[in-house]
Amino acid sequence: MYILADNQELTRFAVESLIQQDEGGDTCRVSDRTGLVERLKEHANAIVVLDYTLFDFADEEQLLIVGERFPQSHWVLLSDELTPQFLRRVVYSSHQFSVVFKDGPMQELREALHAANGHQRYISQRALETIISQQQEEEKPDILTATETEIVKAIAQGKTTKEIAEERFASVHTITTHRKNIFRKLGVNTAHEVIKYALRAGLVDSSEFYI
């Protein structure tokens, strides 16, 4: 059984035609979350084709709860746009969910439906790239302030905390705090690692220090 949880008439017609052509099987339509749950009670192992952005789920947590309630069901999320945060949460939380976009190639929807029919999931290339890009952004260190960058340069020149404090007319405690923030942002533990990271990231010029 295929449950079409999409409130766009054209999309429903296209998906129904594709299912009949490629997969076979019965289809039914639902217009809200309540109707969807009722259908899943009758067909716990159904394949749900859902446009999350046009349906009445409050958030991804609500969607995942329904998925957990019917663990034998498989879902093809078919939407115009999904946020990176939503994709990561859903994809990492459950293997029930496949993801394709409405403006993607028809072949992707075919492959997603076929995968769901075989109790597997399919993640489109665009969805994968969105997830990976978001993860890479989160893994980047916080941007150093102008003061912190100057202190990195001073560290690279081999200056001590006391020397840096005297040059900047600051207390040793202040410079120590800056150093701790720099180490935290760069994810390092030693001054040597700070210099190496700063060089790789282009935060300082190689002519300004010696390793």
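What you see is a predicted model, and the numbers here were worked out from it, not measured in a lab.

Conventions adopted
Residues numbered from 1 in each chain as written. Predicted model: local features only at pLDDT ≥ 70, side-chain atom pairs only at ≥ 80, totals over all residues. Heavy atoms only, no water. Buried < 20%, exposed > 50% of the residue type's maximum accessible area, 1.4 Å probe, protein only. Helix = DSSP H or I, 4+ residues; strand = E, 2+ residues; numbered from the N terminus. Core = buried A, V, L, I, M, F, W, Y, C linked by side-chain atoms within 4.5 Å. Pairing = 2+ DSSP bridges. Axes fitted to C-alpha atoms, helices over the stretch in contact; angles between N-to-C directions. Contact = heavy atoms within 4.5 Å. Parallel < 35°, antiparallel > 145°, perpendicular 65-115°, else oblique. Left-handed = near helix turned anticlockwise from the far one by under 90°. Nonpolar A, V, L, I, M, F, W, Y, C, P; charged D, E, K, R; others polar.

## A short note on unusual backbone geometry
And then number 1: If you check the backbone angles, His119 has positive phi at about 60° while not being a glycine.
And then number 2: A residue is classified by how much of its surface remains accessible, and His119, at 56% relative accessible area, is exposed.
And then number 3: You will see that Phe169, though not glycine, has its phi angle at about 55°, which is positive.
And then number 4: Mapping Phe169 onto the fold places it in the loop between α8 (161-167) and α9 (172-186).

## Focus on the nonpolar core
And then number 1: Counting residues in hydrophobic clusters, the biggest one holds 30 residues, and the most contacted among them are Leu36, Leu40, Leu50, Phe57, Leu63 and Trp75.
And then number 2: Listed by contribution, the elements that provide at least two residues to this core are β1 (2-5), α2 (33-42), β3 (47-50), α3 (60-69), β4 (74-79), α4 (84-93), β5 (97-101) and α6 (125-139).

## Concerning the sheet that holds strand β2 (residues 27-29)
And then number 1: Here we have five strands laid out as an open sheet, ordered β2-β1-β3-β4-β5, and parallel in their pairing. Of all strands in the sheet, those with a lone pairing partner are β2 and β5, marking the two edges. The sheet shows a mean angle of 20° between the axes of neighbouring strands, direction not considered.
And then number 2: The sheet contact formed by β4 and β5 spans five bridges and is parallel. Considered in β5, the bridge of Val76 is made with Ser98.
And then number 3: Against the sheet, helix α1 (residues 9-22) makes contact with β1, β2, β3 and β4, and its axis sits at roughly 170° relative to β2, the strand it touches most.
And then number 4: In the packing of helix α5 (residues 106-117) onto the sheet, the strands contacted are β1, β3, β4 and β5, and the crossing angle to β4 comes to about 165°.

## So, the packing of helix α7 (residues 146-156) against helix α10 (residues 191-201)
Relative placement of two packed helices is described by the angle separating their axes and the distance separating the axes.
And then number 1: Packing of α7 against α10 brings their axes to within 9 Å, and their N-to-C directions diverge by 115°. The angle between α7 and α10 places the two elements in the roughly perpendicular class. Judged by the twist between their axes, the crossing of α7 over α10 is left-handed. Here Val152, Ile155 and Ala156 of α7 come into contact with α10, specifically with Ala191, Val194, Ile195 and Ala198.
And then number 2: The residue inventory of the contact of α7 with α10, partitioned by class, reads seven nonpolar, no polar and no charged.

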